[in-house]
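Each chain, letter by letter, is given below.
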Amino acid sequence: KKVTAWVINPVVKYKGFEVFGNIEQAEGLNANEPDKRKWTHYSGEGIYRFMKNQFYVGGRYNTAKGRLQGFANDVTVDRVQAGGGWFLTQNLVAKLEYVEHNYRDFPVTDIRNGATFNGAMFEAVVSF
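Residues numbered from 1 in each chain as written. Predicted model: local features only at pLDDT ≥ 70, side-chain atom pairs only at ≥ 80, totals over all residues. Heavy atoms only, no water.

## Examining the overall build of the chain
The condition that has to hold: To qualify as a helix, a DSSP run of H or I must reach at least 4 residues; to qualify as a strand, a run of E must reach at least 2; elements of each kind are numbered from the N terminus. Radius of gyration here uses only the C-alpha atoms, and the compact-globule reference equals 2.2 Å multiplied by the residue count raised to the power 0.38. Only protein chains enter the calculation, and the probe is 1.4 Å; a residue is then buried if its accessible area is under 20% of its type maximum, exposed if over 50%, and partly exposed in between. Any two residues whose heavy atoms approach within 4.5 Å at even a single point are treated as in contact.
On a plain count of helices and strands, the chain comes out with 0 helices and 8 strands. Along the chain, from the amino end to the carboxyl end, the secondary structure elements read β-β-β-β-β-β-β-β. For the chain, the C-alpha radius of gyration of 18 Å lies well beyond 14 Å, the compact-globule estimate for 128 residues. For the chain, the spread of C-alpha atoms along the principal axes amounts to about 55 × 30 × 25 Å. With 128 residues in all, the chain has 25% of them scored as buried. A separation of at least 24 residues holds for 39% of the contacts in the chain among residues at least 6 apart in sequence.

This is the structure:
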């Protein structure tokens, strides 16, 4: 029925360093809700590229907090990642990352209550 949202995405690059941020908020309600719900999302990422951009290391943090429809209280989802990569060619990158992902403050009857994921990921990506 009604949504108001805004986003700010600051980016700073200096030599091999890149810092990217994301700050956003959405607030609104659907046709069946008497009160507005609000979600906020914050993220930050830092990357350092070296050896003529052939390699990189970096880290990322994300958190989203808000109330889902039908929930009495806010819930939070957060994620931390750290890793690095190697551009084998201009279109092919191999990367290794460690991830920790958490669901917080969900009701005990919700499947996401206390859910978490952590571990290493290895990926190879082809871009066109």
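There's plenty left to go through after this.
## Observations regarding the pairing of strand β4 (residues 37-50)
Test applied: Should DSSP find at least two bridges between two strands, the strands are regarded as paired.
Sheet topology note: the strand β3 (residues 17-29)/β4 ladder contains 12 bridges and is antiparallel. Residue Gly 21 lies in a different strand from β4, and its bridge partner there is Gly 44. Pairing of β4 with strand β5 (residues 55-66) involves 12 bridges; the strand directions are antiparallel. Its bridge partner being in β5, Ser 43 is matched across the sheet by Asn 62. Hairpin connection, β4 to β5: the antiparallel pair is bridged by 4 residues, and Met 51 has positive phi, about 55°.

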